[in-house]
Structure formats: structure tokens, C-alpha cells
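Listed here are the chains, written in short residue letters.
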Amino acid sequence: MEAIQETAAAAPKAEPSTRRVPPGPPTRGASVFSRIRYGLNFFFDPFGFVGGRFESYGDTYFVAAENQPGLYVFRKPEDVWAVLVTEAKKFRKTHSAFRELGQVLGESGLLTTDGDTWRKHRRIVQPAFSPKRMSEYAEVMIEETVREARSWEHGKRIDLADAMMELTLRIVARTLFGHDASGDVDAVRDAMRTLQDGLVGAQLPIPRWMNIGLQRQERAVATLDALIARMIETRRRQGGNGQVDLLQRLLDARDPETGAELTDTEIRDHLVTFFLAGHETTSNALTWTFHLLGENPAQRARLEAHLDEVLGDRDPTPEDFPNLGFATQVLEEGMRLRPPVFVMARQAAEAVTIGEWELPAGSEVVLWLWHTHHDSRIYPDPERFDPDRFAPDAKAALPKGAYLPFGQGPRTCIGKHFALMEGTLLLATIARRWRLEPTGAAPKLHARVTLSPKNGLPMIPKKR
Ligand code: HEM
């Protein structure tokens, strides 16, 4: 998160130059005081803070840093597309924003690696997301959701954010690791919360013994590590038993040249990455979507009519997924307004031109997806919840780079189809049975690694 906060990161020293740069705020000192003040401003209202910058400086702004190439901040779809797709080869993910995440996810997981290491590991895990696997996963998604939906009572308030977190965690653990996570939900949820806050707090420039955020982060990582070590140990003891899930794939993988197995650390890094990336995001997407439906009863009524038409009075089956198009549109509009991953970051590995700007090697780049998704030039009346924006024709007419909740290009989300299918099936299974009523004021945004509602989301299920 550090460079996303516009704090200059350690990058190759730049020669003093007269290169033309976008407008931006005045160069800030590197003093501890200035860093803390800056960090706090960002911490409390990142969207307002960055939105103000775009208002002042335009679609691209530049944050200069002493002796370093500086930070370029983009929101225009064509610039986002250029960084992620057309010029992707000139960027790497070893951006300072990922350094803290790397401490948790390790050095082999897909999210935080680059180059040959990333390519080798992406190749190993990709088959776990093949179409055949997907339809098996769909069975589990529906089964777990029916179990969850049956446990609710008419009129009895639930915390929907907690419920979605537990449900998506159970689904990812069962589908990818063949593990029943029911007994681990509390430990993982607490670890996740700690990590979300710790990743920000842990960077404060204060000594380790004073840094409670860092200490909590280390404890959370230890909890996750212990759980994952248990999962690997159990599977090794039991043997594969014909399993073809992600865990088995990692245990069976052999280097084509040396025949070497993956090390325990490599397997651990993958599992932590999939555990975290594979449930937190989908859970937030669903939580926000139910919140938006609660605030927009007319759209909720359209969704219910759609579900009645496609499903009648039965739960969905995996085969229903392609016919639940309006439910997918609802989810897509939910992720436009509340993108679980609201910002992306890169570092230029070599000189590269983006739009009218020439970025030297070492420049840091931040793509504010939130601001692209809320741009009234692309989405008229952008705060309005309108699933018709994602009707097939309207979606096809969107400019490239205007809607990227899963990223794009070589580093696009490996779980995109998993998440769209899971989100649609969960939405359909729940909204068919329950009308979720809001209980009060809209929740505040909690923008950390992902975007969640601050203090959860109380809702009241009413039988349909
Ligand atoms: C609504 C749900 C989800 C959202 C919004 C989301 C978003 C994203 C985004 C934006 C990226 C790209 C980040 C970048 O380029 O810097 C990404 C990458 C990734 N996601 Fe997801 N994701 C979701 C669900 C999932 C699921 C269900 C899984 C796994 C089961 C998953 C696993 C990953 C992994 C492993 C990567 C790294 C891919 C690579 O670099 O090769 N995600 N995700």
C-alpha cells in the first residue's frame, strides 16, 4: 500500500532531468512527520483524497520524489488498458505496494511474483480452473449456500458480511483444497481482519516494539501457517486418493527439467494466496451487492422475477448458470460501484510511454479502478445502481479498460470465472429464498487490501 499512498518507494535513483511530467502535488519532504501526516490523510478517506487529486490535476497526476523517478497515477480507461495489456511486458508487480503483501503471501504465490517464477507457477495451477473443474465446483457452491440459507430465520438479524465471509471460505477450502474449513472459520476470519489493518498499520515508520500493527500481523500469519501446515500434512498422510484439486496438483507437480517437487514453502505460499484471494474478494462483492439490492427495491424485484422465471421454486443447478444472466448483471454492477479490488499497482521495468507521458524505468504506477468505475463520462449518473449497464449490448459498448474488477492482461485474475459463477449462484440461491432488508444507515467504506463495509453489514432476512 505504501506507494499507493503516494509515499516515494525505493526505486533506482533517477538522474536529474528535464523530462515533461503530468501535473501533481508539490514534492513532499521525506520526514517522518510528513509521512505520518500523509499516511493518515490517505488512511481515513482514500477515495476522497485521490478524487480530490484528480479534480485538481486531471486524469493523470504525478507525485515527485527526491532522487527517484516518481509515481504516476491513472484513471482513464485507455491508460489503464495500456499498463495492464498493451504495455504489460514493460511492467512488473514488484511495486512497493506489494512488499507488505509479499511478507504475508510469501515469494511463490501468484499474486506477488513476477517473470519466470510467476509463469512456472501459473502453469501448474491453471488446470485447477478448467471448465470441467468449474462445473464440479458449482455443485459445492450451491450445496454450501443452501446449507447457509437454511440456517437463517425469518426476521432474525444476521451479519451478512460475516455470513458471506464464512460461506466463501468454506467453498474455496472445499473446492481447491478438499478441506472442510467449518472448524477454522473464526481463526481465518480473525487473521484476515488483522492482516487487512496490519498491512497498513505495520508500515508506520516506528520501532518494531511500538508497532502493534506489525506484531498482530505476525501473529495472524502464524495462525494461517499452522492451519495450512496441517492441511498439507493431512493430505500427505492420506495420500492423493485420486483427488485432482489444487492442493494435490501442487503436491504432484514436478519440474520438467530437474524432476524436483515444489518445496513446502512454495506450496504454503500458493495455499495462503488462494485462501485469501479466493474468498475475501468474492465475499465483499456479494455483501455489497446485497446491500445495494436492499437500497434499490425496484432492482431487487426485477432480480426476484428473473429467478422465479429461470428457477421456479427450486434451487439452481450448475447448468442454470448461463441462464442466470440478469443475476450476473446485478453482481457486475455491484462490483462496478464497490470494486473489491479498487486499486492496482505496477512498477515500470523499462522506459514506457503511457498516453502522452514517457515514464522512465523504475517509475511507480497506480491505477485507481474505483475512480474509473465512478467516472460520469463513462457511466452517466455513476452513483445510481443500474444492472442494465451490463446488459450484453451495453457491456459490449463500454470502452476497453472502463470495467476491470478482475484486472486484465497476463496478470488477470485466475479466479475470474470461478468468482463470477460463485457470485451468480450464491446470489440466485439466496435471493430466491430470502429478501434481505437493510437495518439502517448505509455502511461506511473500509478500504484496506480489499473494500469491505466498516463494522460488517447487519441485514434482516424475510421469507419470500
Ligand atoms: C469477486 C471476486 C474477485 C475479484 C474482484 C478479484 C480481483 C482480482 C484482481 C483485480 C486481480 C489482478 C491484480 C493485479 O493485476 O494487480 C486478481 C488476481 C488474482 N486473483 Fe482474483 N479476484 C476475485 C476472485 C478470485 C478467486 C475466487 C480466486 C481463486 C479461487 C482468485 C485468485 C487470484 C489470483 C491467484 C490472482 C493472481 C493472478 C496472477 O497474477 O497470475 N481471485 N484478482
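Residue positions are given per chain, counted from 1 along the sequence in the order it is written. Local features in this predicted model are restricted to residues whose pLDDT is 70 or higher, and side-chain atom pairs enter the listing and the counts only when it is 80 or higher, whereas totals over whole chains, interfaces and linings include all residues.

1. Considering the site of the ligand
Operational definition: Put plainly, near means the residue's C-beta atom, positioned from the backbone, lies within 6 Å of the molecule or strand in question. Strands are runs of DSSP state E lasting at least 2 residues, helices are runs of H or I lasting at least 4, and numbering of each runs from the N terminus. Residue classes follow a fixed rule: Ala, Val, Leu, Ile, Met, Phe, Trp, Tyr, Cys and Pro count as nonpolar, while Asp, Glu, Lys and Arg count as charged, and any other residue, Gly among them, counts as polar.
Inspection of the region around the ligand gives 23 residues, with Gly278, Thr281, Gly407, Cys413 and Gly415 positioned closest. Within the residue set of the shell around the ligand, elements represented by two or more residues are helix H11 (264–277), helix H12 (280–295) and helix H17 (416–433). Partitioned by chemical class, the residues of the shell around the ligand number 15 nonpolar, six polar and two charged.

2. Re the sheet that holds strand S2 (residues 68–74)
Convention followed: When DSSP finds at least two bridges between two strands, those strands are taken to pair.
With mixed pairing, five strands are arranged side by side in an open sheet as S1-S2-S8-S5-S3. Edge positions in the sheet fall to strand S1 (60–65) and strand S3 (91–92), since each of these pairs with one other strand and no more.

3. Some remarks on the packing of H12 against H17
Filter applied, for reference: Where helices are involved, their axes are fitted lines through C-alpha atoms of the stretch in contact, as for all axes, and angles between N-to-C directions lie from 0 to 180°. Under this scheme an angle from 65 to 115 degrees is roughly perpendicular, one under 35 degrees roughly parallel, and one over 145 degrees roughly antiparallel; angles in between are oblique. Two helices crossing with the near one rotated counterclockwise from the far one by less than a right angle form a left-handed crossing, whereas a clockwise rotation gives a right-handed crossing. Residue pairs are scored as contacts if the distance between their C-beta atoms, which are placed from the backbone, is within 7 Å.
Where H12 contacts H17, the two axes come as close as 10 Å, and the packing angle between them is 40 degrees. The angle between the axes of H12 and H17 places the two elements in the oblique class. Handedness of the H12/H17 crossing: right-handed. Residues Thr281, Thr282, Ala285, Leu286 and Thr289 of H12 lie in contact with H17, whose contacting residues are Ala419, Glu422, Gly423, Leu426 and Leu427. A class-by-class count of the residues in the contact of H12 with H17 yields five nonpolar, four polar and one charged.

4. A closer look at the confidence of the model for the protein chain
For clarity, the cut-off: pLDDT measures how confident the predictor is about each residue, on a scale from 0 to 100.
Of all residues in the protein chain, 89% have pLDDT values of 70 or greater, and the mean over the chain is 88. In this model, residues 8–12 is a region of pLDDT below 50 whose contacts with residues beyond four sequence positions or in other chains number 15 contacts.

5. Quick notes on the packing of helix H13 (residues 297–311) against helix H14 (residues 325–337)
Between H13 and H14, the shortest axis-to-axis distance is 9 Å and the interhelical angle comes to 150 degrees. What the angle tells us is that H13 and H14 run roughly antiparallel. Two packed elements cross with a definite hand, and for H13 against H14 that hand is left-handed. Counting all contacts with H13, which are made through Arg302, Leu303, His306 and Leu307, the residues of H14 involved are Phe326, Ala327 and Val330.

6. Thoughts on the environment of Trp370
Selection rule: Neighbour counting defines burial: a residue surrounded by 20 or more other C-beta atoms within 10 Å of its own C-beta is buried, one with 12 or fewer is exposed, and intermediate counts give partly exposed, using backbone-placed C-beta atoms.
Tracing the sequence through the fold places Trp370 in helix H15 (residues 369–373). Since 23 C-beta atoms lie within 10 Å of it, Trp370 is described here as buried. Along the chain, Trp370 and Gly51 lie 319 residues apart, while their C-alpha atoms are 9.5 Å from each other. If sequence neighbours within four positions are ignored, Trp370 has contacts with Phe47, Pro339, Phe342 and Val343.

7. Considering unusual backbone geometry
With a phi close to 50 degrees, Asp381 is a non-glycine residue in the positive phi region. With respect to the helices, strands and loops of the structure, Asp381 is situated in the loop between H15 and helix H16 (392–396). Assessed through the 7 C-beta atoms surrounding it within 10 Å, Asp381 is described here as exposed.

8. Focus: the sheet that holds strand S9 (residues 434–438)
One open sheet holds the three strands; their spatial order is S4-S12-S9, and the pairing between them is antiparallel. Here the strands that pair on one side only, and so sit at the sheet edges, are strand S4 (158–159) and S9. Sheet topology places S9 next to strand S12 (residues 458–463); five bridges connect them, and they run antiparallel. What sits directly across from Leu436, in S12, is Pro461. Running at roughly 80 degrees to S9, H12 makes contact with S9 and S12 of the sheet.

9. Some thoughts on the nonpolar core
Rule in force here: For this entry, the nonpolar core is defined as buried Ala, Val, Leu, Ile, Met, Phe, Trp, Tyr and Cys residues connected by C-beta atoms within 7 Å.
In this structure, Leu160, Leu271, Val272, Ala327, Leu425 and Leu427 are the most contacted members of the largest nonpolar core, which totals 72 residues. A per-element tally of this core places helix H7 (residues 160–177) first, with twelve residues. Residues contacting Val272, with those up to four places away along its chain left out, are Val104, Leu105, Gly106, Gly109, Leu224 and Ile228. Core analysis: the second largest hydrophobic core is formed by 34 residues, Val63, Phe91, Ala345 and Val365 among them.

10. Describing the pairing of strand S5 (residues 344–348)
When you tally the buried positions in S5, you get five out of five residues, the bulk of the element. Because side chains alternate across S5, one face comprises the buried residues Met344, Arg346 and Ala348, and the other comprises Ala345 and Gln347, equally buried. Judged from the two bridges that link them, S3 and S5 form a sheet pairing that is antiparallel. Pairing of Phe91 across the sheet is with Ala348, part of S5. Here four bridges tie S5 to strand S8 (residues 364–367), and the two strands are oriented antiparallel to one another. In the sheet register, Ala345 faces S8, and the bridge partner there is Val366.

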